[in-house]
Amino acid sequence: MRLITLIGAVTAAALGHTDLDTTIATGLRDTRALDGDWSYIIDPYDHGRIDYRSRVRTDGFWMDATPSSPADRVEYAFDDKHTLRVPGDWNTQQLELLHYEGVVWYRTQFDAIVRDHERTFIRFGAANKRADAWLNGAPIGSNSVGFTPFAFEVTDTLRAGANSLVVRVDNTRRPEGVPAMQTDWFNYGGLTRSVELLAVPETFIADAHVGLREGGRVADGWVRLDGPDAANALFDVTFAGVSITTNTDEHGVGRFALNADTFARWSPQSPKLHDFEVRYGNDTLRERVGLRTVATSGDQILLNDEPVFLRGICLHEEPIAPRGGRSSGLADARELLTLAKELGCNYVRLAHYTHDEATLRLADELGLMVWAEIPVYWMLDYDNPETLAEAETHLRGMIARDHNRASVIIWSIGNEMGDDVSAQRFRLKLGALAKRLDPSRLLSAALFARQERDAGRLVRMVIEDPFGEVADVLAINQYVGWYHDQPESLRGVAIERRWNKPFVFSEFGAGVKHGLRGEPEAVWTEDFGVRYYNENLDWIESLDSIAGLSPWILKDFRSPRRPLYGIQDGFNRKGLVSETGERKLVFDVLRERYERWAMSPPGRRLDRGR
Ligand code: GCU
């Protein structure tokens, strides 16, 4: 073991642990998947929870009852004929469920071993949207946000032998919710990500973090133990082959710092991940963590102190399959991110919600920088404290899960959120929370610029939203040439911004039906798409300062707002590929431009030094 000098008294790590106290990090732990075919009951009147007078029942579906005799009347049953695959949305598994919004009850049965001095948790990768769970008829917890993990301790309810886990999932959109009533994506409901059984010692490693500080000279982090012996406990850390032993404080939190001079850095060109292992007693938490710094300097984004141009694309979380659906797991992630790499991307914008953990881990491995976002989208009830609380839950959950992901360089607190004072106040609060939770990453949000015209002609886009004061990266969505004007209207349009900060195009795109050919003036044709993309990319090349782009979007995706028969058929057609992965002409238009920009990015080339 190499001698390592603990760098002085470690100040609080860059990432505040205290706000993340609710997490149970599985890291690369061995867990037991409860995935597979679960029984289900569709329940549009919530009959499994409330009676005919809407009073909460005492014998709800969570009892998973079966008749004890032919005389025993039980008016529901979880059987093996009506099953849904978990993980997965219910909408694309049963035709009767495609447009269903409401309650579905899930039930799985599993055998378990119960050991002394062991604690057990049931961890959900996500459920959309609200989930209430019961184990063996006893309530174990509820969760109300649809894209981040949650765990319920079941130490006292898990039985040796057979167990019955019942989960009520309700994907009903609500005006006070996050997201609210209108989204341009499909409201997939269900147990959309894996469900795992996690067994740990009475005092275990609940979470751990490591990252670069002090300009990259120091790799520091923290470990949080949970349990009766968490305070003032000795634990071991091994990172990048270097080991130290140190102890937790009275709160069960221990900090460490290592000289990082010799540790290889993470970058898109060299996505090096280091083994990170924490050991306490007979508990071990393993992670694979990349070390990199991300910052801004004037109008540039710096990765490891070098200017970087973000060649990106936006992604929804849908697999390449005709059914659409909510993707999850490594295979789906690999299919989508591999396509982004083929496009020549070094960056992806994961719209508009927290994507599956497998996607973030794969982005680490493939060397794709990530814009990670919460679904604060369009018009929410911005004056409602409950809505703010729910948005903050989304934000905490996203950062709590992905704070070790080197690929994540930008936290986004939302998209096109309206420009009234309530919305502006709402996003400033979220921005402040994001910075407090994790000052080590850049802050942004996808907003609109004010468009100025001269005699009707678009002449300027002005970035002046007050959020720009706290954002590290200014980002605007624009659809010139699709929702208004013509693609050629972009020529000569100036970008004006109130702050000398990096600026990225977080969205632009046009609807194209794969294989439809015609005149370049005809919308939906491949030919229009080529005209639109060439105008946008030529205009971007003409700008004297731009830090990156993420066109909308990699793949056509299901949306109830896109009904045009024969063209949309329920899909948003702005993808570079169709929902079955067929490449449109615009895929190669962008790929060829990214190939060129990899050597010589747009913007002030003189300042980029390469
Ligand atoms: C909006 C929005 C996307 C939407 C896209 C579109 O800017 O951010 O979620 O799908 O434009 O209209 O296709």
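Shown above is the structure to which this text applies.
As the structure is a computational prediction, the values presented were derived from the model and not from experiment.

Time to look at the overall build of the chain. A count of helical and extended segments in the chain gives 7 helices and 33 strands. Against the 2.2 N^0.38 benchmark of 25 Å for 610 residues, the chain shows a C-alpha radius of gyration of 25 Å, consistent with a compact globule. Classification of the 610 residues of the chain by burial places 60% in the buried group. Counting contacts in the chain only where the partners sit at least 6 residues apart, residues at least 24 apart contribute 72% of the total. About 24000 Å² of surface is accessible on the chain, with carbon and sulfur atoms providing 50% of the total.

All right, on to the layout of surface pockets then. In this structure, the second largest pocket encloses a volume near 420 Å³. If you trace the second largest pocket, you find 23 residues lining it, with Ser194, Glu196, Asp356, Glu357 and Ala358 closest to the centre. Those elements that place two or more of their residues in the lining of the second largest pocket are helix 1 (329-343) and helix 2 (357-366). Here the element with the most residues in the lining of the second largest pocket is helix 2; it accounts for 5 residues. By residue class, the composition of the lining of the second largest pocket is 6 nonpolar, 7 polar and 10 charged.

To describe two helices that pack against each other, one gives the angle between their axes and the distance between the axes. Taken N-terminus to C-terminus, the directions of helix 1 and helix 6 (residues 585-599) make an angle of 60°; their axes are 8 Å apart at the nearest point. In terms of axis orientation, helix 1 runs oblique to helix 6. Residues Leu339, Glu342 and Leu343 of helix 1 pack against Phe587, Leu590, Arg591 and Tyr594 of helix 6.

Summarising the element assignment, Gly221 is placed in strand 12 (residues 218-226). Relative accessible area serves as the criterion here: at 0%, Gly221 is assigned to the buried category.

Here we come to the side chain of Ser328. Note on placement: Ser328 falls in the loop between strand 21 (310-315) and helix 1. Here Ser328 falls in the buried class, since its relative accessible area comes to 19%. Those residues in contact with Ser328 that sit more than four places away from it in its chain are Pro87, Thr192, Arg193 and Asp356.

Moving on to the pairing of strand 3 (residues 83-86). Across the two faces of strand 3 the burial differs, with Leu84 and Val86 buried and Thr83 and Arg85 not buried at all. The sheet contact formed by strand 2 (residues 36-42) and strand 3 spans 4 bridges and is antiparallel. Looking at the pairing, Gly36 lines up with Val86 of strand 3.

What follows is about the side chain of Asp46. For Asp46, the location among the structural elements is in the loop between strand 2 and strand 3. In this structure the side chain of Asp46 is engaged in a polar contact, spanning 2.9 Å, whose partner is the side chain of Arg168. In contact with Asp46, not counting residues within four places along its chain, are Val103, Trp105 and Arg168.

This next bit is on the pattern of salt bridges. Scanning the model with the defined rule gives 56 salt bridges in all. Residue Lys129 is joined to Glu390 by a salt bridge in which the shortest nitrogen-to-oxygen separation is 2.4 Å. With Lys129 in the loop between strand 5 (118-124) and strand 6 (130-135) and Glu390 in helix 3 (residues 385-402), this residue pair connects regions lying 261 residues apart in the sequence. On the accessibility criterion, Lys129 (13% relative accessible area) is buried.

Below, the discussion takes up empty space enclosed by the protein. Summed over all chains, the structure comprises 5 cavities of 30 Å³ or more. The calculated volume of the largest cavity comes to roughly 110 Å³. As for the largest cavity, its lining consists of 13 residues, of which Asn128, Arg173, Pro179, Trp185 and Asn187 are closest to the centre. Each residue belonging to the lining of the largest cavity can be placed in one class, and the counts come to 6 nonpolar, 4 polar and 3 charged.

Glancing now at the packing of aromatic side chains. Applying the stated criterion across every chain yields a total of 35 aromatic pairs. Where Phe239 meets Phe276, the ring centres are 5.9 Å apart and the plane angle is 75°; that geometry is what we call edge-to-face. Taken as a pair, Phe239 in strand 13 (residues 234-239) and Phe276 in strand 16 (residues 274-280) lie far apart in primary sequence, 37 residues in all. The residues Phe239 and Phe276 share a single accessibility class, namely buried. By the ring-pair criterion, three or more aromatic residues cluster together here, those being Tyr479, Trp482, Tyr483, Phe503, Phe505, Phe508, Trp524, Phe528, Tyr532, Tyr533 and Trp539. Sitting over the face of the ring of Phe186, Arg558 holds its NZ or CZ atom 5.9 Å from the ring centroid. The lysine or arginine in question, Arg583, covers the ring of Phe587, its NZ or CZ lying 4.5 Å from the ring centre.

This part is about the pairing of strand 11 (residues 204-213). In terms of burial, strand 11 is a largely internal element, 10 of the 10 residues being buried. For strand 11 and strand 12, the ladder comprises 9 bridges, and the chain directions are antiparallel. The partner of His209 across the bridge, within strand 12, is Trp222. Hairpin connection between strand 11 and strand 12: a loop of 4 residues separates the two successive antiparallel strands, and Glu214 in this loop has a positive phi of roughly 50°.

Let us now look at the sheet that holds strand 27 (residues 457-463). Working definition: the strands of a sheet are paired by backbone hydrogen bonds and lie parallel or antiparallel to each other. Sheet architecture is open: 3 strands sit in the order 26-27-29, paired in mixed fashion. Each edge of the open sheet carries a strand with a single partner, namely strand 26 (450-454) and strand 29 (494-497). Taking the axes of each pair of neighbouring strands and ignoring which way they run, one obtains an average angle of 30° across the sheet. With 5 bridges connecting them, strand 26 and strand 27 associate as antiparallel partners. Within the sheet, the bridge partner assigned to Arg450 lies in strand 27 and is Val462.

About the cut-offs
- Residues numbered from 1 in each chain as written.
- Predicted model: local features only at pLDDT ≥ 70, side-chain atom pairs only at ≥ 80, totals over all residues.
- Heavy atoms only, no water.
- Helix = DSSP H or I, 4+ residues; strand = E, 2+ residues; numbered from the N terminus.
- Rg over C-alpha atoms; globule rule 2.2 N^0.38 Å.
- Buried < 20%, exposed > 50% of the residue type's maximum accessible area, 1.4 Å probe, protein only.
- Contact = heavy atoms within 4.5 Å.
- Areas by Shrake-Rupley, 256 points an atom, 1.4 Å probe, with all protein chains shown as cover.
- 1 Å grid on protein atoms, 1.4 Å probe; cavity = no way out; pocket = protein on both sides within 12 Å on 5 of 7 lines; lining within 4 Å.
- Points joined across faces, edges and corners; volume = space filled by probe spheres on them.
- Nonpolar A, V, L, I, M, F, W, Y, C, P; charged D, E, K, R; others polar.
- Axes fitted to C-alpha atoms, helices over the stretch in contact; angles between N-to-C directions.
- Parallel < 35°, antiparallel > 145°, perpendicular 65-115°, else oblique.
- Pairing = 2+ DSSP bridges.
- Polar contact = N/O pair within 3.5 Å; in protein donor to acceptor, adjacent residues only side chain to side chain.
- Salt bridge = Lys/Arg side-chain N within 4 Å of Asp/Glu carboxyl O.
- Phe/Tyr/Trp six-rings, centres within 6.5 Å; stacked < 30°, edge-to-face > 60°.
- Lys NZ or Arg CZ within 6 Å of the ring centre and 35° of its normal.

In short, shape yes, function no, at least from these values alone.
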